[in-house]
Amino acid sequence: MTTSRLRYAAAACQTDLPCPQTRADMAANTDRMIAMIDAAVIGSQPFLPVRLVVFPEFAHAAPAYATVEALIEHLAVPIPNAHTDRLAQRARQHDIYIQSGSMIEVDARWPGVVFNTTCLIGPDGILTRYRKVNPWIPFEVHASPHDIPGYDEPLFPVADTPIGKLGCAICYDWLFPEAIRQLAANGAEVLIRVSAYMDPWGATEPMNWWTLVNRTRALENMAFVVAANQGASLAHYPPYSWPGGSQVVDFEGRLLAEASPGPGERIVVAPIDIEALRHERSTRIGHQMLAHLRTTAYPIYQADGFPPAGITSPITYASNVARIEQRKGRPSTT
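An account of the accompanying structure is given in this report. These figures come from a predicted structure and were not determined experimentally. (Residues numbered from 1 in each chain as written. Predicted model: local features only at pLDDT ≥ 70, side-chain atom pairs only at ≥ 80, totals over all residues. Heavy atoms only, no water.)

## Considerations on the nonpolar core
Here is step 1: Ile37, Val53, Phe55, Ile96, Ile98, Phe115 and Ile148 are the most contacted members of the largest nonpolar core, which has 39 residues in total.
Here is step 2: Elements represented by at least two residues in this core include exactly strand S1 (7–14), helix H1 (26–44), strand S2 (50–54), helix H2 (68–74), helix H3 (82–94), strand S4 (103–105) and strand S5 (115–122).
Here is step 3: Per-element accounting of this core gives the leading share, seven residues, to H1.
Here is step 4: In this view, Val53 contacts Ala11, Cys13, Ile37, Ile96, Tyr97, Ile98 and Gln99; residues no more than four positions away in its chain are not counted. (Core = buried A, V, L, I, M, F, W, Y, C linked by side-chain atoms within 4.5 Å. Buried < 20%, exposed > 50% of the residue type's maximum accessible area, 1.4 Å probe, protein only. Helix = DSSP H or I, 4+ residues; strand = E, 2+ residues; numbered from the N terminus. Contact = heavy atoms within 4.5 Å.)

So this is what it looks like as structure tokens:
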């Protein structure tokens, strides 16, 4: 008896859309994302079928206001909502899994804060909700769920799906190896990067942090990386330009597909071979960093790090700066 090999295509869909200013404006972005899903699936149909579609950070909405109060008033939405419902309908139609672009989320359980959130959506609806653990401070004023007293949901959820174990983190999270290592420790085989990584740290030399980080996280965690980056022009998302360069990387750090750098829509597609990954993880002895990790060797993790803000007062640029300075003033752990 033969069984089919767990091998499929993943599509990183890079968007170039106006930054919504209101909740009503978000519908046009979702319209375009739905069209890109159809294009990715249909375009790959004669070849290796697409089963995973990934969108970038801010594809639905960016933190277009400087204060939490303004974000709540104009842009933040609960989850699930009409946008996640529409993605779920497409996931059912095409029998695929979709990592939504991020949106600004409110949750009645945690009043007075907003989250930067992306959802993994399958044919049966929302599977996981990931809230950015490491906001890009000092600018981003949405909350880290880690900082909220009593927060009781998983910080790094991993979904066990028919196309493998999928885990996601957002943009700046990927500058913290610990975040992605935790996803791998939680079982992730495909690491999904939902990102709005801007110039000058973007997708070209001499500061090609985008590629450097994607390839490093893939090889050190022995996992595939599907990384969708924002391709918005400077006019859409000032004060930065957005270099795109969306990528798929294999578990040894090889680039399997890469969008040409620069703003604009792109869809890049590459194979994800879960069986090959599982074989490598089970048989490899050398360079098996997940098995070699000496967790108790690092006393830095036994001490407090960046001080949490809690939810007693809204997060602001100034409060973020103060907390950064507070942490910088602490002695090193030895």
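## Concerning the pairing of strand S12 (residues 255–258)
Here is step 1: As defined by bridge partners, strand S11 (residues 247–249) adjoins S12 across three bridges and the pair is classed as antiparallel. Looking at S12, one finds that Gln247 is bridged to Glu258. (Pairing = 2+ DSSP bridges.)

## Describing the packing of aromatic side chains
Here is step 1: Counted by the stated rule, this structure contains 14 aromatic pairs.
Here is step 2: With centroids separated by 5.5 Å and ring planes inclined at 50°, the aromatic side chains of Phe139 and Tyr317 adopt a geometry described as tilted. Here Phe139 is found in the loop between strand S6 (125–131) and strand S7 (158–161), whereas its partner Tyr317 is found in helix H8 (residues 317–328), with 178 residues between them in sequence.
Here is step 3: For Phe139, a relative accessible area of 49% translates into the label partly exposed.
Here is step 4: For the ring pair Tyr172 and Phe176, a centre distance of 5.1 Å and an interplane angle of 85° mean the geometry is edge-to-face.
Here is step 5: Look at Phe176 and you get partly exposed, because its relative accessible area is 28%.
Here is step 6: Just above the ring of Phe115 sits the side chain of Arg131; from NZ or CZ to the centre is 4.2 Å. (Phe/Tyr/Trp six-rings, centres within 6.5 Å; stacked < 30°, edge-to-face > 60°. Lys NZ or Arg CZ within 6 Å of the ring centre and 35° of its normal.)

## Thoughts on the pattern of salt bridges
Here is step 1: Evaluation of the coordinates by the stated rule reveals 23 salt bridges.
Here is step 2: Of the charged contacts, one joins Arg131 and Glu105 as a salt bridge, the two residues approaching to 2.8 Å between their closest N and O atoms. Here Glu105 lies in strand S4 and Arg131 lies in strand S6, a separation of 26 residues in the sequence.
Here is step 3: Under the relative-accessibility criterion, Glu105 is labelled buried at 0%.
Here is step 4: For the salt bridge of Arg254 with Asp250, the shortest nitrogen-to-oxygen distance reads 2.8 Å.
Here is step 5: With a relative accessible area of 8%, Asp250 lands in the buried category.
Here is step 6: Salt bridges here are not isolated pairs; linked through shared partners, they connect Glu105, Asp107, Arg109, Arg129, Arg131, Asp152 and Glu153. (Salt bridge = Lys/Arg side-chain N within 4 Å of Asp/Glu carboxyl O.)

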